[in-house]
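Single-letter residue listing:
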Amino acid sequence: MPNRRNLYLYHKRDVETLEKVAPLYELASQYGFNVVKDFNTANIIVSIGGDGTFLQAVRKTGFKEDSLYAGISTTGSLSLYCDFNIDDTAKMIEAMTNEQIEVRRYPTIDVTLDDESTFSCLNEFSIRSAIIKTFVLDVFIDQNYFETFRGDGMIVATPTGSTAYTKSVNGSIVDPMLPCFQVSELASLNNNRYRTLGSSFILSGDRQLTLKVAQAGNDYPTMGMDNEALSIQHVEKIDIKLSGKVIKTVKLKDNSFWEKVKRTFL
Ligand code: NAP
Ligand code: MN
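Keep in mind the model is a prediction, meaning the values are calculated, not measured.

Peer 1: Looking at this structure, how should I read the pairing of strand β11 (residues 180-188)?
Peer 2: Across the nine residues that make up β11, a large majority, seven, are buried. In this structure, β11 lies alongside strand β12 (residues 201-204), joined through four bridges in antiparallel fashion. Directly across from Q182, in β12, lies its bridge partner I202.

Below, the structure is given as structure tokens:
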């Protein structure tokens, strides 16, 4: 990574973590990296923890398009966003000294609430009823009415998010080389009065999904962007589309998406 020398390390600040990461700061300086305190000046952002930490690193640094992101695992195993084990410095050195870095781009989605605020997500946007009663959403694709959902909620996932929450509700695993997003149901009610598609569906990156809260009294749902709850609670309309922004990561010898899927699940 010859032209990318400003490195920002994202990790927890407790004593135990600081002890664990100290050698990485040394290693980075040893290999000529400039470890920066302000992520705005970084062109490489490394998270140290698990997939959850990687999601936080991306969110807290603002989905930076001019940076390469990498994940170092402290959990003892590699995962979807973590390609390096904290103890495997040889592999990190190999990546740091490689002149021909190949870059992988992960699609993200943009979620706009009531035409006012827009947020990006790397895994998914999720919306769930916060009360015991079922939750009713009118679903539109490109402004055309599609279905009325009644149940617990919905998940709208990116391709890399397809191995997370979406997988737990039997969604498909989607190759991140496909610019698209997947919509999955959480416990839909299906009977002679209420009918939904019942299966997950994948929308082209050119489409827009709109969810309208159709039930007064349930318009304070719980909404999540990746692993963060939205502080905004009241919402009537949600527009979701593929974002123009991508998250760049490093392509290594052993980390094609399907290799990651294999090492995580098989
Ligand atoms: P968490 O409760 O620790 O996450 C649950 C698990 O998902 C963890 O093992 C996490 O890995 C893993 N994970 C995160 N992103 C993944 C991805 N893209 N592919 C495969 N596994 C992934 O919370 P968290 O670590 O902050 O992660 C937040 C994510 O958890 C959310 O974005 C959502 O996708 C997922 N989630 C899943 C369920 C469910 O399956 N029922 C419910 C709520 C949230 P690490 O242990 O390495 O962090
Ligand atoms: Mn986690």
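Peer 1: Explanation requested: empty space enclosed by the protein in the structure shown.
Peer 2: A water-sized probe rolled over the atoms picks out the places where empty space is left. Inspection of the entire model under this criterion finds two cavities of 30 Å³ or more. Of the volumes computed, that of the largest cavity is approximately 210 Å³. In this structure, the largest cavity is lined by 16 residues; those nearest its centre are L7, V46, I72, M92 and M96. Considering only residue class, the lining of the largest cavity consists of 16 nonpolar, no polar and no charged.

Peer 1: Quick question: what am I supposed to make of the site of ligand 1 here?
Peer 2: Around ligand 1, a shell composed of 15 residues is seen, among which D51, E124, T163, S168 and N227 lie nearest. In this structure, Y165 approaches ligand 1 through a main-chain N or O atom, which is 3.0 Å from an oxygen atom. When residues in the shell around ligand 1 are grouped by element, the largest group, three residues, is from helix α2 (residues 51-60). Broken down by class, the residue content of the shell around ligand 1 amounts to five nonpolar, seven polar and three charged. The residues that make up the shell around ligand 1 include at least three from each of domain 1 (6-99) and domain 2 (108-244).

The rules behind the values
Residues numbered from 1 in each chain as written. Chains lettered and ligands numbered in written order. Predicted model: local features only at pLDDT ≥ 70, side-chain atom pairs only at ≥ 80, totals over all residues. Heavy atoms only, no water. Buried < 20%, exposed > 50% of the residue type's maximum accessible area, 1.4 Å probe, protein only. Helix = DSSP H or I, 4+ residues; strand = E, 2+ residues; numbered from the N terminus. Pairing = 2+ DSSP bridges. 1 Å grid on protein atoms, 1.4 Å probe; cavity = no way out; pocket = protein on both sides within 12 Å on 5 of 7 lines; lining within 4 Å. Points joined across faces, edges and corners; volume = space filled by probe spheres on them. Nonpolar A, V, L, I, M, F, W, Y, C, P; charged D, E, K, R; others polar. Near = heavy atom within 4 Å. Polar contact = N/O pair within 3.5 Å; in protein donor to acceptor, adjacent residues only side chain to side chain. Domains from an automatic or database assignment.

Geometry only, nothing functional implied.
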